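Summary of the model geometry
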Amino acid sequence: MLSVHGRKPAAVVIEPIARGLCKLGITPNMVTLTGTILAIGFALWLIPTNHHFAAAALIGLTVATDMVDGTMARMRGGGTKFGATLDATCDRLTDGAIFGALAFWFAIKEEPNEVLMALCLVILVSSQVTSYVKARAEASGIKVIGGLIERPERLIIGLLSLGLDGLGVPYVLAGGLWVLCAGSIYTVIERLVIVGKSDAAAERIEAPTGAREFSSPNQMNSDDQTVEDHR
């Protein structure tokens, strides 16, 4: 939801930063890679070592580059297909590092919490599937816009819960993970419903390379009968 409605308010801060980086000759892909490496490093270092407030603050700053690189690309005349692919790939890697590190932390604690560890894994998988549903649908020409828990909501809820946990607020991290788990599963189903209700949902697709094709059900029945006759 925030990815649709939150861009204009953020532009007041993001655009001057993007303009300055462009003047320095820095490319959007350089910003994408740098932000991703830093976010993954902070997640894998600070979360398992119980520095949750620092992790939330530093990861939050680095993932903000996701808006900066996109703005830079538009200022340079538009993004490239490689840049879009790189950005989406780096987003998945960062999300995986955050929730993977959380799952690991719950597993190595003095009193391991298997339930919350499992929640982290469900969030990790469902977040990847949420993005995949959209990518696969749009590759088939079906536009998927919005969703209850997209990446901005996932990061805000996850990092806010993590940061408050680092400040000693009880139960906030567990509460955030339960919300994300339920919301992420809902979003996967929500996007599948959007795709299923689209006008193009029932269009036929080409068979995979090397697969046997059947022009009609009658031909399939005829081929099956031929096999029976030669037994």
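Residues numbered from 1 in each chain as written. Predicted model: local features only at pLDDT ≥ 70, side-chain atom pairs only at ≥ 80, totals over all residues. Heavy atoms only, no water.

Right, let's talk about the overall build of the protein chain for a bit. Of the regular secondary structure elements, the protein chain holds 10 helices and 0 strands. Going residue by residue from the N terminus, the α and β elements of the protein chain occur as α-α-α-α-α-α-α-α-α-α. By the burial criterion, 36% of the 231 residues in the protein chain qualify as buried. In the protein chain, the proportion of contacts linking residues at least 24 apart, taken out of those at least 6 apart, comes to 78%. If you sum the accessible surface of the protein chain, you get close to 13,900 Å²; carbon and sulfur atoms cover 65% of it. (Helix = DSSP H or I, 4+ residues; strand = E, 2+ residues; numbered from the N terminus. Buried < 20%, exposed > 50% of the residue type's maximum accessible area, 1.4 Å probe, protein only. Contact = heavy atoms within 4.5 Å. Areas by Shrake-Rupley, 256 points an atom, 1.4 Å probe, with all protein chains shown as cover.)

With that out of the way, let us pick up the pattern of salt bridges. Applying the stated criterion to the full structure yields 4 salt bridges. With a shortest N-O distance of 2.8 Å, Arg 191 and Glu 150 are connected by a salt bridge. Highlighted residues: Arg 191 in helix α9 (residues 172-197) and Glu 150 in the loop between α7 (114-139) and α8 (151-166), separated in sequence by 41 residues. The same class applies to Arg 191 as to Glu 150, namely buried. Overlapping salt bridges, with partners in common, bring together Asp 91, Asp 95, Arg 151 and Arg 154 in one network. (Salt bridge = Lys/Arg side-chain N within 4 Å of Asp/Glu carboxyl O.)

On to the packing of helix α3 (residues 28-46) against helix α5 (residues 65-75). Taken N-terminus to C-terminus, the directions of α3 and α5 make an angle of 170 degrees; their axes are 8 Å apart at the nearest point. The angle between the axes of α3 and α5 places the two elements in the roughly antiparallel class. Facing Pro 28, Val 31, Thr 32 and Gly 35 of α3, the residues of α5 in contact are Thr 65, Val 68, Asp 69, Met 72 and Ala 73. In terms of residue class, the contact of α3 with α5 is built from 5 nonpolar, 3 polar and 1 charged. (Axes fitted to C-alpha atoms, helices over the stretch in contact; angles between N-to-C directions. Parallel < 35°, antiparallel > 145°, perpendicular 65-115°, else oblique. Nonpolar A, V, L, I, M, F, W, Y, C, P; charged D, E, K, R; others polar.)

Before going further, it helps to spend a moment on unusual backbone geometry. Even without glycine at this site, Asn 50 takes up a positive phi of about 75 degrees. With respect to the helices and strands, the residue Asn 50 is situated in the loop between α3 and α4 (52-63). Exposure remark for Asn 50: the relative accessible area of 49% places this residue in the partly exposed category. Positive phi outside glycine occurs at Tyr 171, with the angle close to 65 degrees. Within the fold, Tyr 171 resides in the loop between α8 and α9.

For the rest of this paragraph, the subject is the UniProt feature "active site" (unreviewed entry) in the protein chain. Per the UniProt annotation, the sites labelled "active site" (unreviewed entry) are Asp 91. By the element assignment, Asp 91 lies in helix α6 (residues 81-108). The class of Asp 91 is buried, set by a relative accessible area of 11%. Beyond its immediate stretch of four places on either side in the chain, Asp 91 contacts Asp 66 and Arg 151. (UniProt positions renumbered as here; feature names shortened; annotations may be inferred.)

To continue, consider the packing of aromatic side chains. If you walk through the whole model with that rule in mind, you get 1 aromatic pair. Where Trp 105 meets Phe 106, the ring centres are 4.9 Å apart and the plane angle is 55 degrees; that geometry is what we call tilted. (Phe/Tyr/Trp six-rings, centres within 6.5 Å; stacked < 30°, edge-to-face > 60°.)

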